Amino acid sequence: MDMNEIKEIFFQECEEQLAELESGLLKLNDGDRDPETVNAVFRAVHSIKGGAGAFGLDDLVSFAHVFETTLDCVRSNKLEPTQDVLKVMLKSADVLADLTNAARDGGSVDEARSRTLIRELEALANGETPAAAEAPAPKPAAAAPKAAAPAPVVEKPAVNDEGFQPIPFSFGDFDDEPAAHYVPTCQVLFKPKKDLYAKGNEAVLLLRDVSRLGDMSVYCDMDALPTLDKMNPEEAYFSWKISVTTEKGEDGVRSVFEFAEWDCDLDIRTIEEDVVSEAADDEELPMQPVPFDLSILDDGGSVAAEDEPAIIESDAAAAIAAAETASKVAQVTSRAADNAKAAAAASAASAAQANQAAAAGQTIRVDLDRVDRLINLVGELVINQAMLSQSVVENDSNGTSSINMGLEELQQLTREIQDSVMAIRAQPVKPVFQRMARTVREIADITGKSVRLITEGENTEVDKTVIDKLAEPLTHMIRNAVDHGLEMPEKREALGKNPEGTVRLTAKHRSGRIVIELADDGAGINREKVRQKAIDNDLIAADANLSDEEIDNLIFHAGFSTADKVSDLSGRGVGMDVVKRSIQALGGRISISSKPGQGSVFTMSLPLTLAVLDGMVVTVAGQTLVVPLTAIVETLQPEASAIHSFGASQRLISIRNSFCPLVDVGRILNFRNIQANPMDGVALLVESEGGGQRALMVDAIQGQRQVVIKSLEANYTHVPGIAAATILGDGRVALILDVDAVVAASRGHSLRQDISLAATG
Amino acid sequence: MTYAGKNIMHGRELIAFRIADQEFCVNVMSVREIRGWTPATPMPHAPSYVLGMINLRGAVLPIVDMSQRLGMKPAEPTVRHVIIVAQVGPKVVGLLVDSVSDILTVTDENIQPTPDIANEAEKGYARGILAIEGRMICLIELDSLFPHTESEAA
């Protein structure tokens, strides 16, 4: 693994941490006061800082550090996380994301913005709250010791083996802080968890670092140590009570444990001189003082390899000694034994809990290319299996042979494998939705509007490729919604609405597709304006009779904008054609419904995956076509009495007393010139998004099948009326019908004949 | 001629093929494989020289009737016809021809400019003419026959 790969992993982790950070801050913003949320937020910034330090990303480190300091105030209840505080923090999270991106891609960052935020964060940490005044020394001093103590990560020899050059970072800004004048004594209760050792941390080394801070005395608490036969060698049983007198104070001691903090119970408090002795003799905790051999800590430099066995040996010896002591204690005082048991039980329980949590969230990071290759292979497998089935059916006269049974099982297995492989790429839409939170904040800031983003169903899962392509159109639409959909707060108030506008982003599964809805409670589409604009742009005739729905849909036309002047952000309509195209490219549909004064709702319906599709295989004019099953409402055999002519060439079919236009698929795709007799075929009743029902006439239905979608665009071009291609059991190519385009064509929009000579190129 | 005798720097290899009684050739570097004719699935709204799509190991490949594309009468494909799978820009296209006749190694001096008599259509794709052993072979530039266009579904 080279340096770049390590760095890439760091950036991937950063992405996760940033998402964690943002969601945590949003939770806090919603009134969540769970300390674990605060911790999670702190941890996220802390991890980014730690990694960035190791890679020498100074800008990122210094910003993260200031951010972390402020978050620490929140964590220690010195700063109340009010809306205003969180606003600064959310902005800081954005800047942190920018800095991370800049560090990865080499882009630039808005330095003025980050400087402003650094000042704001420092102000928050330093004294704008009454709580901070009570603790004057620790906060400013916090930075200095952290800077002085090299980050443990940098020290790890394992990292050096990778040819890694640690880059020290400094915080010049903090160096001029006055040192504390009195020498405080810290009482530390340090109880490592199993994870601490699992991650390669060593309690002895931590204690050594503490010993370097000043005069130290250590007591090892071994009450939790079980008897030898009950001892799990991978568990952590020891805890230490340390009292250290150091100029670096509480924060200095804390910085020693900086990278182990999450894997141990740590209680650090500064005590007055006269309390020290009392605390040392504290009898509340049943303690078995064991003289601690500090000499093994005095190797002064890096951990020499030959020291390791010595440490282990002494540990082991101590463990045995402790075990004996513990059992003696158990005989003598039952109280102590009970305590020890309780402690052991508690630690076992917490360990079990931790294990469970780890098992639930166990993941591996896989290159998407590998998954794609797997999915392609499974696609081939599905086709092959279909081919095999077909040839067996053709050649096997008695359909009960064992081959047939085996094939059926193979079919089931293939289907299961396919589902499982697809599930690998399925991911919740959460990350995209979270990104939208930022977009909303930014646009709200620029436009001076007050906006609340509500997300629902963010755990709805969809294929990764779909998620990736969703971000861009969604960002665009969110911008539109805030910039143009919502009114200014004053206007809203005048209209009797909540001055704070609401944008609601919802995801849900509906009949094998994912439906994403973006609703705002703004002014809705100004139909008069849209209509006028369309007339001005020669999109419609001045006297055209359009339904409200048709007017709303005009905004999807290319180059259409209702904004009087195109703002920096967007115009509602500017690029909505692009949004529509990118949704269509995903095999999706988008529709809009708007109520004047109440807002607009954009509804996107997308396939869960871009790789397979459940389809109805039909015959049209001698050709085999696949109609996506999701579009089909029902199939019916038309009867002569149900067919009615309408005007010159239209024909309607009556279905339960309503009339539905008949569309000859063969005709509309130019496969034949004259309309087929509806009585000879089958009608597929389809429903298009926002387009009403149509009865598609096909010659015959072959059956229902799952097909693997193959791109036509890869080697050919987009074909109007055709969504994609697939490969059938006999190895031939079949086309997948684009139902929406066919329905639109039947409404008068012709399928454009725009395939030129160049199209095949 | 020994292999070493070839002028590697200036020579290029061409694949010659036959359509009706004429011979054409394309650069061998753009040819991916040669396979037999299989029935293609017709495409709606396609120009008449696009015969349809075939399955090339899981990818969907358009088949172009070279005879029609070059302005001659439509081919009537049989099992004896041949599909030259060629890379044109980012896309792969199958060219239906009567048969593959030769692999030629030529230098630039062997290529004569297209004569003036050619009309614009032929000038558009012909890059020159080769005279080899009494045969006349027209060199085709596939890039100009199938210019790249940006896919609409961007």
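Residues numbered from 1 in each chain as written. Chains lettered and ligands numbered in written order. Predicted model: local features only at pLDDT ≥ 70, side-chain atom pairs only at ≥ 80, totals over all residues. Heavy atoms only, no water.

(A) Inspection of the packing of aromatic side chains at higher detail. Residues and elements named next belong to chain A. In this structure the tally under the stated criterion is seven aromatic pairs over all chains. Note on Phe 190 and Trp 240: the rings are 5.9 Å apart at their centroids and 25° apart in plane angle, and the pair reads as stacked. Placement of the pair is Phe 190 in strand β1 (residues 185-192) and Trp 240 in strand β3 (residues 239-246), with a sequence separation of 50 residues. The buried category is assigned to Phe 190, whose relative accessible area is 0%. The exposure class assigned to Trp 240 is buried, which follows from its relative accessible area of 6%. With a centroid separation of 4.7 Å and an interplanar angle of 50°, the aromatic rings of Phe 190 and Phe 257 are classed as tilted. Residue Phe 190 is found in strand β1, and its partner Phe 257 is found in the loop between α12 (249-256) and β4 (264-271); the two are separated by 67 residues along the sequence. (Phe/Tyr/Trp six-rings, centres within 6.5 Å; stacked < 30°, edge-to-face > 60°. Helix = DSSP H or I, 4+ residues; strand = E, 2+ residues; numbered from the N terminus. Buried < 20%, exposed > 50% of the residue type's maximum accessible area, 1.4 Å probe, protein only.)

(B) Fine view of the nonpolar core. Membership of the largest hydrophobic core comes to 56 residues, with the highest contact counts inside it found for A:Leu696, A:Leu712, B:Phe17, B:Met66, B:Ile140 and B:Leu142. Excluding residues that lie within four positions of it along the chain, B:Ile140 makes contacts with B:Phe17, B:Phe24, B:Cys25, B:Val26, B:Met66, B:Leu70, B:Tyr125 and B:Leu145. (Core = buried A, V, L, I, M, F, W, Y, C linked by side-chain atoms within 4.5 Å. Contact = heavy atoms within 4.5 Å.)

(C) Expanded view of the sheet that holds β4(A). Residue and element names in this part refer to chain A. Ordered in space as β2-β3-β1-β4, the four strands form an open sheet in which the pairing is antiparallel. Either end of the sheet is taken by a strand with one partner, and the two such strands are β2 (214-221) and β4. With strand direction ignored, the average angle separating the axes of adjacent strands in the sheet is 15°. When β2 meets β3, the two strands line up antiparallel, connected through eight bridges. Counterpart to Tyr 219 in the pairing with β3 is Lys 241. Where α12 meets the sheet, it contacts β1, β3 and β4, and its direction lies at approximately 160° from that of β4. (Pairing = 2+ DSSP bridges. Axes fitted to C-alpha atoms, helices over the stretch in contact; angles between N-to-C directions.)

(D) Focus on the pattern of salt bridges. Residues and elements named next belong to chain A. Under the counting rule described, the total for this entry stands at 31 salt bridges over all chains. With its nearest N and O atoms 3.3 Å apart, the salt bridge here joins Arg 441 to Glu 22. Taken together, the residues Arg 441 in helix α18 (residues 430-447) and Glu 22 in helix α1 (residues 3-29) connect sequence positions 419 residues apart. The same class applies to Arg 441 and to Glu 22, which are both buried. Between Asp 664 and Arg 672 there is a salt bridge, with its nearest N and O atoms 2.7 Å apart. A single network of salt bridges, built from pairs that share partners, joins Glu 22, Asp 94, Asp 98, Arg 438, Arg 441 and Glu 442. (Salt bridge = Lys/Arg side-chain N within 4 Å of Asp/Glu carboxyl O.)

(E) Representation of the packing of helix α2 (residues 35-54) of chain A against helix α3 (residues 58-75) of chain A. All names here are of chain A. Orientation of α2 relative to α3, taken along the N-to-C sense of each, is 155°, at an axis distance of 9 Å. It follows that α2 is roughly antiparallel to α3 by the angle criterion. Of the two possible hands of crossing, α2 and α3 adopt the one that is left-handed. Mapping the contact onto sequence places Val 38, Asn 39, Val 41, Phe 42, Val 45, His 46, Ile 48, Lys 49, Ala 52 and Gly 53 in α2 and Leu 60, Val 61, Ala 64, His 65, Phe 67, Glu 68, Leu 71, Asp 72, Val 74 and Arg 75 in α3. (Parallel < 35°, antiparallel > 145°, perpendicular 65-115°, else oblique. Left-handed = near helix turned anticlockwise from the far one by under 90°.)

(F) Up close: the side chain of A:Arg531. Residue and element names in this part refer to chain A. By the secondary structure assignment, Arg 531 is in helix α21 (residues 527-536). It turns out Arg 531 is buried and unbridged, and the closest side chain with the opposite charge, Glu 528, is 5.3 Å from it. Excluding residues that lie within four positions of it along the chain, Arg 531 makes contacts with Ile 540, Ala 542, Asp 543, Ala 544, Leu 546 and Ile 551. (Lys, Arg positive; Asp, Glu negative; His and termini not counted.)

(G) Molecular detail of a nonpolar patch on the surface. Taken together, the side chains of A:Leu381, A:Leu413 and A:Ile417 make up a nonpolar region of the molecular surface, amounting to roughly 250 Å² of accessible area. For A:Leu381, the position within the fold is in helix α16 (residues 368-395). (Patch = residues over 30% accessible without salt bridge, like charges linked within 9 Å, V, L, I, M, F, W, Y side chains within 5 Å. Areas by Shrake-Rupley, 256 points an atom, 1.4 Å probe, with all protein chains shown as cover.)

(H) Local environment of the pairing of strand β16 (residues 650-655) of chain A. All names here are of chain A. Pairing geometry for strand β15 (residues 643-646) and β16, over four bridges, is antiparallel. In the strand pairing of β16, Ile 643 is matched with Ile 653. Taking the residues that link successive antiparallel strands as the turn, the β15-β16 hairpin has three residues, and the phi of Gly 647 there is positive, at about 65°. In this structure, the hairpin formed by β16 and strand β17 (residues 658-664) is closed by a connection of two residues, where Arg 656 is found at a positive phi of approximately 45°.

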